[in-house]
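# Fold and geometry: a report
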Amino acid sequence: MKQKLFILAMGLFLFGCSKPNVKVVISAERFAPIENRVESGKGNNIHSLIAWQHGDKVFELHRQGSGRIGSQSRPSVPVGPSELHNLHSVTKSFVATLIFIAVDEGKLASLDVPVFSLFPEYQVNDRAEKMQISVRDMLNMSTGYALDELAASYSSGNAFTRHYMAKDLLAQFLSTDLAFKPGTRFAYSGLSTVGLSKVIERVYGQPFAVVMKEKLFSPLAIENYRWSNQHGSNEPGADWGLMLTPEDMGKFGLMWLNQGHFAGQQIVAKHWFEQLKHSQFHGYNMGYGLHFWQVPTVNGAVAAVGIGEQYIMMLPGKQAVIVATGANYDMPSMPTLTTIKQLASLL
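Residues numbered from 1 in each chain as written. Predicted model: local features only at pLDDT ≥ 70, side-chain atom pairs only at ≥ 80, totals over all residues. Heavy atoms only, no water.

### Looking at the overall build of the chain
Broken down by element type, the chain carries 12 helices and 16 strands. Radius of gyration (C-alpha) of the chain: 21 Å, near the 20 Å computed for a compact globule of 347 residues. Taking the principal axes of its C-alpha atoms as reference, the chain extends roughly 85 × 45 × 35 Å. Counting the 347 residues in the chain, one finds 55% classified as buried. When contacts within the chain are restricted to residue pairs at least 6 apart in sequence, those whose partners lie at least 24 apart make up 64%. (Helix = DSSP H or I, 4+ residues; strand = E, 2+ residues; numbered from the N terminus. Rg over C-alpha atoms; globule rule 2.2 N^0.38 Å. Buried < 20%, exposed > 50% of the residue type's maximum accessible area, 1.4 Å probe, protein only. Contact = heavy atoms within 4.5 Å.)

Given below as structure tokens:
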């Protein structure tokens with residue numbers, strides 16, 4: 001009898017533990033398949049999923065789970081519309097937006113400015129060769145440096161470690177050897193984003209994070225944010241370090257969906273969004289151009305994407321924005337992307 005009671009108690013315990021802690025805030029009958037998918041675990045470790053359409057929030061769901069806060073893994077992370085969450089490489093698209101604003105404001109003549117023309121102090125014998133690198137090449141991850149972070153796991157021997165541990169980020173960017181002609185190959189590297197952040201600092205004369213607060217966060221009414229720093233330089237991680245709430249991630253997406261316009265302000269010129277729709281390179285069933293991803297499998301979406309399946313996805317054909325956060329690290333099946341694709345089909 002005791003054995004039967006023990007088995008029954010264990011069964012109830014395991015059943016209780018296996019049921020995900022999912023909170024549906026806004027939904028409709030048509031979104032029942034999305035709720036079922038997340039509650040059944042098919043979205044794996046998704047944290048938040050929010051959709052706006054025609055300017056209104058039409059779906060919102062949050063799921064408690066394990067994850068990372070900064071670089072620290074935790075068995076449970078705060079989850080909710082106003083809880084800060086790692087953006088990882090979504091951060092790169094915010095830095096790119098500063099570059100577009102710099103062109104709008106005349107700080108940069110165009111995206112075709114040679115990057116090394118902005119750094120005359122670099123007078124090493126490969127300077128002439130590196131003058132081929134344009135701001136556009138860096139935005140397209142075709143800088144010419146043989147550093148491809150997508151070629152290896154971040155847990156072992158990744159190119160990311162070089163700049164993460166570097167004491168002097170500008171010196172690291174300028175001194176890296178050119179391995180191929182800029183603009184001809186795709187090599188995804190955070191060092192290219194670091195280089196863009198140094199371009200911002202050079203043309204504005206301020207740290208890029210200060211410029212981002214002034215040019216993006218303030219007009220988007222984003223007040224709650226945090227930066228994680230590079231280990232060696234202790235500078236904010238331009239390529240990975242931003243933490244925002246899902247609600248504020250949505251503001252960035254809505255701004256882009258509305259061609260740079262938000263709350264009565266033109267934050268970035270409207271023509272840029274059209275350019276973000278065009279891929280310069282392709283991989284992982286997506287296109288890439290100007291530090292954004294193009295996602296043909298999700299209604300031709302334009303997206304900012306981060307490891308662990310962080311997404312800010314703009315769907316102009318649906319007049320919608322979808323934001324997702326989570327901790328689906330090292331999962332080639334991309335269960336959150338599949339969930340977003342299903343959600344988009346129901347909008």
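From this point, things continue past the structure.
### Notes on the packing of aromatic side chains
In this structure the tally under the stated criterion is 22 aromatic pairs. Centroid distance Phe186 to Tyr188: 6.4 Å. Interplanar angle 55 degrees. Geometry classified as tilted. Residue Phe186 is classed as partly exposed on the basis of its relative accessible area of 22%. We classify Tyr188 as buried; its relative accessible area is 4%. Ring geometry for Phe186 versus Trp293: centroids 6.3 Å apart, planes at 80 degrees, classification edge-to-face. (Phe/Tyr/Trp six-rings, centres within 6.5 Å; stacked < 30°, edge-to-face > 60°.)

### As for the sheet that holds strand β7 (residues 226-227)
The strand order across the open sheet built from 3 strands is β6-β8-β7, with neighbouring strands paired in antiparallel fashion. Single-partner strands in this sheet number two, and they are β6 (85-86) and β7. (Pairing = 2+ DSSP bridges.)

### Notes on helix α8 (residues 190-204)
Helix length check: α8, at 15 residues, gives a terminal C-alpha distance of 21 Å against a target of 21 Å (1.5 Å per residue), a fit within 8%. A large share of α8 lies buried, amounting to 13 of its 15 residues. For α8, the N-terminal capping position is held by Ser189, with its side-chain oxygen 3.1 Å away from the main-chain nitrogen of Leu191. Directly after α8, the chain includes Gly205, whose backbone phi takes a positive value near 70 degrees. (Expected span 1.5 Å × (residues − 1). Polar contact = N/O pair within 3.5 Å; in protein donor to acceptor, adjacent residues only side chain to side chain.)

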